[in-house]
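Residues per chain, in single letters:
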Amino acid sequence: MSNDLTLGRPEDRRQHKRFRTSLHVAVANNYSLAFETAIEVGQGGMLLRTHGLPILNQNLELRFFLPNKEFVFIKGEVVYRLKHENQYYAGVRFTSTSAELTQWLSQLKDLQL
């Protein structure tokens, strides 16, 4: 991924640090179900590589497939979207959380320190 993608992002406004990953996510809304990839994830949200531009402010139901073969359900909302070259991305703010995701992120944080 090009560094250009990080220009203009609200890094300094984030409450929680995001970590680079390649995590499969099932994304459902009122109209469809898609399998996308979270390329950055943190306690408050994620950057999702998508197959198309999602609708801003759209509510999503997310199922994360964690490396330990568990999966986690949480809810989110599309807060920004962008197209970079031939790739689409969505910034998703989590509107719910789960203990399993929090634990996995804590382990990821420990590995990257």
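Right above here is the structure, for reference.
Residues numbered from 1 in each chain as written. Predicted model: local features only at pLDDT ≥ 70, side-chain atom pairs only at ≥ 80, totals over all residues. Heavy atoms only, no water.

A. Local environment of the overall build of the protein. Secondary structure assignment for the protein yields one helix and six strands. Along the protein, helices (α) and strands (β) appear in the sequence β-β-β-β-β-β-α when read from the amino end. A fraction of 53% describes how many contacts in the protein between residues 6 or more apart in sequence connect residues 24 or more apart. Summed over all atoms, the accessible surface of the protein reaches about 7,200 Å², with 49% contributed by carbon and sulfur. (Helix = DSSP H or I, 4+ residues; strand = E, 2+ residues; numbered from the N terminus. Contact = heavy atoms within 4.5 Å. Areas by Shrake-Rupley, 256 points an atom, 1.4 Å probe, with all protein chains shown as cover.)

B. View of the environment of V79. With respect to the element layout, V79 can be found in strand β5 (residues 71–84). Leaving out residues up to four positions away in the same chain, V79 has contacts with L56, G91, V92 and R93.

C. Looking closely at the layout of surface pockets. The computed volume of the second largest pocket comes to approximately 200 Å³. For the lining of the second largest pocket, the secondary structure elements donating two or more residues are β2 (33–41) and β3 (45–50). Across the lining of the second largest pocket, the residue classes break down as eight nonpolar, six polar and one charged. (1 Å grid on protein atoms, 1.4 Å probe; cavity = no way out; pocket = protein on both sides within 12 Å on 5 of 7 lines; lining within 4 Å. Points joined across faces, edges and corners; volume = space filled by probe spheres on them. Nonpolar A, V, L, I, M, F, W, Y, C, P; charged D, E, K, R; others polar.)

D. Representation of the pattern of salt bridges in the model. Following the criterion strictly, the structure yields two salt bridges and no others. Salt-bridge contacts for E40 lead to R20; the nearest nitrogen and oxygen are separated by 3.7 Å. One end of the pair, E40, is in strand β2; the other, R20, is in strand β1 (residues 19–28), and 20 residues separate them in sequence. Residue R20 is classed as partly exposed on the basis of its relative accessible area of 49%. Of the charged contacts in the structure, one is a salt bridge between R93 and E77, with a shortest N-O distance of 2.3 Å. Taken together, the positions of R93 in strand β6 (residues 87–94) and E77 in strand β5 put the pair 16 residues apart, joining distant regions of the chain. (Salt bridge = Lys/Arg side-chain N within 4 Å of Asp/Glu carboxyl O. Buried < 20%, exposed > 50% of the residue type's maximum accessible area, 1.4 Å probe, protein only.)

E. Just the nonpolar core, in detail. Of all hydrophobic cores here, the largest spans 20 residues; its most connected members are V25, M46, L62, F64, F94 and L101. Elements with a contribution of two residues or more to this core: β1, β2, β3, β4 (59–65), β5, β6 and α1 (99–112). Apart from the residues within four sequence positions on either side, F94 is in contact with V41, G42, Q43, G44, G45, M46, L62, F64, I74, K75, G76 and L101. (Core = buried A, V, L, I, M, F, W, Y, C linked by side-chain atoms within 4.5 Å.)

F. Layout of the sheet that holds β6. Around the barrel, which closes on itself, the six strands sit in the order β1-β2-β3-β6-β5-β4 with antiparallel pairing between neighbours. Across the sheet, the mean angle from the axis of one strand to that of its neighbour is 45°, orientation sign disregarded. Taken together, the four bridges between β2 and β3 define a ladder with antiparallel strand orientation. The residue bridging T37 from the neighbouring strand is R49, located in β3. (Pairing = 2+ DSSP bridges. Axes fitted to C-alpha atoms, helices over the stretch in contact; angles between N-to-C directions.)

G. Representation of the packing of aromatic side chains within the structure. What the rule picks out here adds up to two aromatic pairs. Ring centres 5.9 Å apart and planes at 85° place the aromatic pair F64 and F94 in the edge-to-face group. Of the two residues, F64 is situated in strand β4 and F94 in strand β6; the sequence distance between them amounts to 30 residues. Across the pair, exposure class does not vary: F64 and F94 are buried alike. (Phe/Tyr/Trp six-rings, centres within 6.5 Å; stacked < 30°, edge-to-face > 60°.)

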